Amino acid sequence: MSGVMPSPGGDYDERLTAPRTWWLMAFGVGVAMALIVYPFGPLAMLAGLVGGAALASAAVSSYGSARIRVVAGSLVAGKARIPVEALGETRVLDPAEAVAWRSHKADPRAFMLMRSYVPTALKVEVTDPADPTPYVYLSTRSPQRLAEALAAVRTAPSGGQAAV
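We now turn to the structure provided with this report. (Residues numbered from 1 in each chain as written. Predicted model: local features only at pLDDT ≥ 70, side-chain atom pairs only at ≥ 80, totals over all residues. Heavy atoms only, no water.)

**Side note on helix α4 (residues 143–154)**
Between its first and last C-alpha, α4 extends 16 Å over 12 residues, near the 16 Å set by a 1.5 Å rise per residue. Of all the residues in α4, the buried ones are P143, L146, A147, A149, L150 and V153. All buried residues of α4 fall inside an arc of 160 degrees around its axis, so they share one side. Contacts made by the buried residues of α4 are with β2 (12–15), β3 (67–71), β4 (74–77), β6 (87–93), β8 (121–126) and β9 (135–139). (Helix = DSSP H or I, 4+ residues; strand = E, 2+ residues; numbered from the N terminus. Expected span 1.5 Å × (residues − 1). Buried < 20%, exposed > 50% of the residue type's maximum accessible area, 1.4 Å probe, protein only. Arc of directions from axis to C-beta. Contact = heavy atoms within 4.5 Å.)

Set out below in structure tokens:
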């Protein structure tokens with residue numbers, strides 16, 4: 001499952017869900033907690049299993065709930081909301097380029113929504129002179145579709161608003 005959902009009006013909506021193996025690790029945390037409290041009896045062991053798995057699952061769910069959307073003339077990435085008019089050129093990054101731009105090529109002033117388990121990314125220049133952020137780095141499973149969605153909103157006749 002890609003996590004990219006079709007939206008009305010050509011908008012873009014992607015949730016950067018955590019990989020399935022992370023959910024297995026969350027269950028493993030529950031098993032580990034059950035083993036830790038094993039000396040206190042079966043009820044404590046059950047509570048350790050349920051509590052540990054629940055806490056670890058909540059952490060995985062929270063980390064995997066980051067969304068990237070293009071709606072109402074804005075790019076919404078995590079908690080950031082950037083008007084499309086403040087964005088410039090987009091650059092689709094393959095896995096090797098994505099690693100380079102989130103490591104040795106990275107600018108500390110950039111806004112980065114990174115997920116290491118997503119191999120590709122999109123780099124979008126910020127053209128607003130009042131904003132010190134040089135670019136936005138977004139981990140995305142569909143960088144080309146995200147770039148196309150941004151371009152479609154930029155060229156929409158309603159002043160950056162996509163037709164709904």
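Next comes the rest of the account.
**Describing a nonpolar patch on the surface**
A cluster of nonpolar side chains, contributed by F27, V31 and L35, occupies part of the molecular surface with about 290 Å² of accessible area. The residue L35 is located in helix α1 (residues 20–36) in this model. (Patch = residues over 30% accessible without salt bridge, like charges linked within 9 Å, V, L, I, M, F, W, Y side chains within 5 Å. Areas by Shrake-Rupley, 256 points an atom, 1.4 Å probe, with all protein chains shown as cover. Salt bridge = Lys/Arg side-chain N within 4 Å of Asp/Glu carboxyl O.)

**Points about the sheet that holds β9**
Read from one edge to the other, the open sheet built from 4 strands follows the order β6-β8-β9-β7, with strand pairing classed as mixed. One side of each edge strand has no neighbouring strand; the edge strands of this open sheet are β6 and β7 (111–113). Strand-to-strand twist of the sheet, defined as the mean angle between neighbouring strand axes without regard to direction, takes the value 15 degrees. Pairing of β6 with β8 involves 5 bridges; the strand directions are antiparallel. In the strand pairing of β8, L93 is matched with A121. (Pairing = 2+ DSSP bridges. Axes fitted to C-alpha atoms, helices over the stretch in contact; angles between N-to-C directions.)

**Points about the nonpolar core**
As a rule of thumb, nonpolar side chains are buried together in soluble globular proteins. Grouped together as the largest cluster of nonpolar side chains are 28 residues, with contacts concentrated most on I68, V70, L75, L138, L146 and L150. For this core, the secondary-structure elements that each account for two or more residues are α2 (42–63), β3, β4, β8, β9 and α4. By residue number, the principal contributor to this core is α4, which donates 5 residues. By size, the runner-up hydrophobic cluster in this structure holds 7 residues, among which are A98, A121, Y135 and Y137. (Core = buried A, V, L, I, M, F, W, Y, C linked by side-chain atoms within 4.5 Å.)

**Topic: α1**
In a regular helix each residue adds 1.5 Å, so 17 residues correspond to 24 Å; α1 covers 25 Å between its end C-alpha atoms and thus fits that length. Of the positions making up α1, those classed as buried are A26, G30 and A34. The buried residues of α1 all sit within an arc of 90 degrees when viewed along its axis, so they share a single face. Those residues of α1 that are exposed and angled more than 90 degrees off the buried face are L24, M25, L35 and I36. Looking at the buried positions of α1, the neighbouring elements they touch are α2.

**Some points on the side chain of S139**
Here S139 is to be found in strand β9. A residue is classified by how much of its surface remains accessible, and S139, at 0% relative accessible area, is buried. A polar atom in the side chain of S139 sits 3.0 Å from the backbone nitrogen of R115. The contact partners of S139, leaving out residues within four places of it in the chain, are L16, I68, L113, M114, R115, V118, T120 and A121. (Polar contact = N/O pair within 3.5 Å; in protein donor to acceptor, adjacent residues only side chain to side chain.)

Everything listed here is a matter of coordinates, which is why it stays silent on function.
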